[in-house]
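Residue strings, one per chain:
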Amino acid sequence: MSDIEWNGTLSVFVYVTLDVEDPRLALLQKLLLAYKVKWSEDRWDEYTDEEYEAAPLIVVEALGENHVVGGPRFYTEYDLSNACPACGAGMRQTGAYMLDGAGPSMIGLGQFRAVSSYSELIVDQPLAEALARANLSGLSLRSVYAYQPNEAPIELIWKQLWASHTLPPMSPRSTGIDFDSACKTCRRGKIDSTSPVRFAYRAKDLEGAQDVNRMWERFGYVRWNGDLKTAVLWQPYFIVTPKVWRIFRDAGVTGFQWLPIRVVDDE
């Protein structure tokens, strides 16, 4: 349970986690309807360590609790030459990643080993060193700065993960994906999803995959009119090998959902 004040009104949030086959789930839904209680549902898959170890690749999705604000509105530099004019998909970061140094979300840097900023992954110094020692293919580490108005940016000891390889589009046999929501101009951005999401790729799409990759698609909210100063753009998810998942697990990283992909036959 948690108390949250919203627009001057105190609200009580109650979180209940049940297995989808638990008979109490249907009973709870009936009670909520009977008492006219507002609620929302989120469904997800849970995997064993054995399933993660056997996965060809694993999608890394942040849960939101470890989100920090940064990106184009805070003077991170991007190349827009290949960006979609309608949603910004295809833009390429060219400078160090800039976080909102004056914002409240910066407190997350003291609470988590790894944080997410619009699907960019930023890790603390010990975790960055562990990743570097692992000699992971496709991975490099970039500098991260805290931007504060009217002051010089401050370089942080945290590092941004950078992937050199982007996978082809996922298979249409992926489930939980609203393909109709995709940007009508590029079909790459603005994609919505519903839980549980199950990503699928053709075997041929995994040829050349590295330990650290990015997805081709972009999920989530988009605010884009061509001006970086006002833009809100979620970036493609990272998709990694079990070797990377193991490093994060052993470091005690929380705040992420790890989703093994499925390999399907060619359509």
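Residues numbered from 1 in each chain as written. Predicted model: local features only at pLDDT ≥ 70, side-chain atom pairs only at ≥ 80, totals over all residues. Heavy atoms only, no water.

1. Looking at a nonpolar patch on the surface
Step number 1: Together, Met1, Val12, Val14 and Val16 give the surface a local cluster of nonpolar side chains, amounting to about 440 Å² of exposed area.
Step number 2: Residue position: methionine 1 is located in the segment before β1 (2-6).
Step number 3: With relative accessibility at 77%, the residue methionine 1 sits in the exposed group. (Patch = residues over 30% accessible without salt bridge, like charges linked within 9 Å, V, L, I, M, F, W, Y side chains within 5 Å. Areas by Shrake-Rupley, 256 points an atom, 1.4 Å probe, with all protein chains shown as cover. Salt bridge = Lys/Arg side-chain N within 4 Å of Asp/Glu carboxyl O. Helix = DSSP H or I, 4+ residues; strand = E, 2+ residues; numbered from the N terminus. Buried < 20%, exposed > 50% of the residue type's maximum accessible area, 1.4 Å probe, protein only.)

2. As for the environment of serine 171
Step number 1: Following the sequence through the fold, serine 171 ends up in the loop between β11 (165-166) and β12 (175-178).
Step number 2: Once the C-alpha coordinates of serine 171 and aspartate 205 are considered, the two residues, 34 residues apart in sequence, prove to be 8.9 Å apart.

3. Let's talk about the pattern of salt bridges
Step number 1: This model, assessed by the stated rule, comprises nine salt bridges.
Step number 2: The shortest N-O distance in the salt bridge between aspartate 205 and arginine 202 comes to 2.8 Å.
Step number 3: For arginine 202, a relative accessible area of 18% corresponds to the buried category.
Step number 4: Linking arginine 249 and aspartate 250 is a salt bridge whose minimum nitrogen-to-oxygen distance equals 3.0 Å.
Step number 5: Judged by relative accessible area, which is 57%, aspartate 250 ranks as exposed.
Step number 6: Linked by salt bridges that have partners in common, Asp49, Arg249 and Asp250 make up one network.

4. Comments concerning the nonpolar core
Step number 1: Residues Leu127, Leu131, Phe248 and Trp258 are the most contacted members of the largest nonpolar core, which totals 26 residues.
Step number 2: At the level of elements, β3 (58-62), β8 (120-123), α3 (125-133), β10 (154-163), β18 (238-240), α4 (242-250) and β19 (256-260) are the ones that each hand at least two residues to this core.
Step number 3: Here this core takes four residues from α4, the largest share from any one element.
Step number 4: Apart from residues no more than four positions distant in its own chain, tryptophan 258 is found in contact with Tyr47, Tyr52, Ile58, Val59, Val60, Val240, Trp245 and Phe248. (Core = buried A, V, L, I, M, F, W, Y, C linked by side-chain atoms within 4.5 Å. Contact = heavy atoms within 4.5 Å.)

5. Looking at the environment of leucine 161
Step number 1: Here leucine 161 lies in strand β10.
Step number 2: With relative accessibility at 4%, the residue leucine 161 sits in the buried group.
Step number 3: Apart from residues no more than four positions distant in its own chain, leucine 161 is found in contact with Glu120, Leu121, Val123, Leu131, Leu139, Ser140, Leu141, Phe238 and Phe248.

6. A few points about the sheet that holds β3
By definition, the strands of a sheet pair up through backbone hydrogen bonds, in either a parallel or an antiparallel sense.
Step number 1: Across the sheet, which stays open at both edges, the five strands sit in the order β11-β15-β18-β3-β19 with mixed pairing between neighbours. Every interior strand has two partners, whereas the edge strands, β11 and β19, have only one.
Step number 2: Two elements, β3 and β18, share three bridges in a ladder whose sense is antiparallel. Residue isoleucine 58 lies in a different strand from β18, and its bridge partner there is valine 240.
Step number 3: With respect to the sheet, α4 is in contact with β3, β15 (212-214), β18 and β19, its orientation differing from that of β18 by roughly 100°. (Pairing = 2+ DSSP bridges. Axes fitted to C-alpha atoms, helices over the stretch in contact; angles between N-to-C directions.)

7. Notes on the pairing of β3
Step number 1: The buried fraction of β3 is high, at four of five residues.
Step number 2: Where β3 meets β19, five bridges bridge the pair, whose relative direction is antiparallel. Looking at the pairing, alanine 62 lines up with phenylalanine 256 of β19.

8. Looking at the sheet that holds β8
Step number 1: Overall, mixed pairing links the five strands, which are arranged β6-β9-β10-β8-β7 in an open sheet. Because the sheet does not close on itself, it has two edges, and the strands there are β6 (97-100) and β7 (114-117). Neighbour-to-neighbour, the strand axes of the sheet open up by a mean angle of 40°, direction not taken into account.
Step number 2: Inspection of the sheet shows strand β9 (residues 139-147) paired to β10 by seven bridges, in the antiparallel sense. If you follow serine 140 over to β10, its bridge partner there is tryptophan 162.
Step number 3: Contacts from α3 reach β7, β8, β9 and β10 within the one sheet, and its direction differs from that of β8 by about 105°.

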